[in-house]
Amino acid sequence: MRARLKNIRWEAEGINSYILEPVDGGLMPAFEPGAHVDVQLAPGLARSYSLVNDPAIRGYYEIAVHHAIDSRGGSRHIHEQWRVGQILDISDPKNNFPMVEDASHTVMIAGGIGITPMLPMIARLEKLGRSWELHYVAASPDRAAYVDRLSDHDRVEIAYDGIPGGRRLDLAAICAAAPADAHLYCCGPGGMLNAFVATNCDRPKGHAHIEYFSAETEVATEGGYTLELAKSGKTISVDEGETMLDALLSAGVDIGFACAEGICGTCEVRVLGGVPDHRDHFLTDEDKAANTSIMVCCSGSKTATLVLDI
Ligand code: FES
């Protein structure tokens, strides 16, 4: 879908928000809290960004982008190249972080730019009159985006962990205080998500939800295996130093991808034979154990041959 970049706004140090409107002046496709869009930045360069605005607002999408110091091209491209008025190529909304709307209580925990999916969740929960709380940590006040939008709510805790006398969120205390049937959502840096997962291991299945915005596992570039493509009949070697996605694209295979780091699920392909070396954060542990699909952007192969359903 084509969208026009209508406005760019400074939200915090290193974080801008971007308002995208329909080119034809109509409505944007509806989305649910937690959804993201894939933004095509250049040929072979796409990134996923959470939608920030209230889902009830259909005239535009808002995304926010943190200019990562170690950017592999996505956030740097946006901060340096995007100009108001330009036309962008974005996907329809996708949701890997859906919210259970009828939970007795919702606990949201956000680190840094991980605040973004929480804002439409809060908008929806407020509209439904549901019980919720938010715990938000940023390095410092000038790096905390959207604090102004949270100031009306008394159920918000904000902590700063990068200033003298600052503090981290006490995840164990937050989780211990949450009602047994509450749903908990966490989006933030990998270390925070790992700590959250460890803290919530005794929660009922499906009550603790996490969203990665950058992967910290290593993408598989060991190579040394062969791909057999069942539909096209192609055989492709994956060499040391390249990803499975690199090898597929080099061989002219048309395959969709966005985040390129195992988060968004865009590049999922069915596996018909062999054993993948799963490196993604998208598939569940059960999915990975079943070995019936693979994220080709980041995963490798434990067997000499992997047969894919493409
Ligand atoms: S492109 Fe996002 S998971 Fe592979």
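Residues numbered from 1 in each chain as written. Predicted model: local features only at pLDDT ≥ 70, side-chain atom pairs only at ≥ 80, totals over all residues. Heavy atoms only, no water.

- Under an unreviewed UniProt entry, the name given to the protein chain is PDR/VanB family oxidoreductase, and the organism recorded is Sphingobium yanoikuyae.

Brief notes about helix α2 (residues 118-128)
Then, in step 1: Across the 11 residues of α2, eight count as buried, placing the element largely inside the fold.
Then, in step 2: Among all positions in α2, only Met 118, Leu 119, Pro 120, Met 121, Ile 122, Ala 123, Arg 124 and Leu 125 are buried.
Then, in step 3: Summarising the contacts, the buried residues of α2 are in contact with β7 (106-111), β8 (132-138), α3 (147-150) and β10 (183-188).
Then, in step 4: Looking one or two places after α2, you find Gly 129, whose phi comes out positive at around 70 degrees. (Buried < 20%, exposed > 50% of the residue type's maximum accessible area, 1.4 Å probe, protein only. Helix = DSSP H or I, 4+ residues; strand = E, 2+ residues; numbered from the N terminus. Contact = heavy atoms within 4.5 Å.)

Comments concerning the side chain of Ser 293
Then, in step 1: Mapping Ser 293 onto the fold places it in strand β16 (residues 293-295).
Then, in step 2: Side chain to side chain, Ser 293 and Glu 268 meet in a polar contact 2.9 Å long.
Then, in step 3: With near-sequence residues (within four places) excluded, Ser 293 lies in contact with Glu 268, Val 269, Arg 270, Val 271, Pro 276, His 278 and Leu 283. (Polar contact = N/O pair within 3.5 Å; in protein donor to acceptor, adjacent residues only side chain to side chain.)

Regarding the environment of Leu 45
Then, in step 1: As for its placement among the helices and strands, Leu 45 is situated in strand β4 (residues 45-50).
Then, in step 2: By relative accessible area, Leu 45 is classed as buried at 17%.

Things to note about the sheet that holds strand β5 (residues 61-66)
Then, in step 1: Strand order in this open sheet of six strands is β4-β3-β6-β1-β2-β5, and the pairing throughout is antiparallel. Taken across any chain shown, the strands that pair with only one partner, and hence form the sheet edges, are β4 and β5. Direction aside, neighbouring strands of the sheet carry axes that sit 45 degrees apart on average.
Then, in step 2: Pairing geometry for strand β3 (residues 36-42) and β4, over six bridges, is antiparallel. In the strand pairing of β4, Gln 40 is matched with Ala 46. (Pairing = 2+ DSSP bridges. Axes fitted to C-alpha atoms, helices over the stretch in contact; angles between N-to-C directions.)

Considerations on the domain arrangement of the protein chain
Then, in step 1: When the domains of the protein chain are assigned, the result is domain 1 (2-90), domain 2 (106-212) and domain 3 (225-308).
Then, in step 2: Spacing between the C-alpha centres of domain 1 and domain 2 amounts to 23 Å.
Then, in step 3: Together domain 1 and domain 2 conceal approximately 1,500 Å² of surface at their shared face, both sides included; 53% is due to carbon and sulfur atoms.
Then, in step 4: Taken as a group, Glu 13, Pro 33 and Val 52 account for 29% of the area that domain 1 buries against domain 2, more than any other trio of residues on that side.
Then, in step 5: The interface formed by domain 1 and domain 2 contains four salt bridges.
Then, in step 6: Where the side of domain 1 that touches domain 2 is concerned, the elements lending two or more residues are β1 (2-12), β2 (15-22) and β5.
Then, in step 7: Residue composition of the side of domain 1 that touches domain 2, by class: 11 nonpolar, five polar and six charged. (Domains from an automatic or database assignment. Buried area = accessible area lost by both parts, 1.4 Å probe. Salt bridge = Lys/Arg side-chain N within 4 Å of Asp/Glu carboxyl O. Nonpolar A, V, L, I, M, F, W, Y, C, P; charged D, E, K, R; others polar.)

A word on the side chain of Lys 288
Then, in step 1: Here Lys 288 shows up in helix α7 (residues 285-290).
Then, in step 2: Among buried charged residues, Lys 288 stands out as having no salt bridge; its nearest opposite-charge side chain is Asp 280, 4.2 Å away.
Then, in step 3: Residues in contact with Lys 288, not counting those within four places in the same chain, are His 278, Asp 280 and Leu 283. (Lys, Arg positive; Asp, Glu negative; His and termini not counted.)

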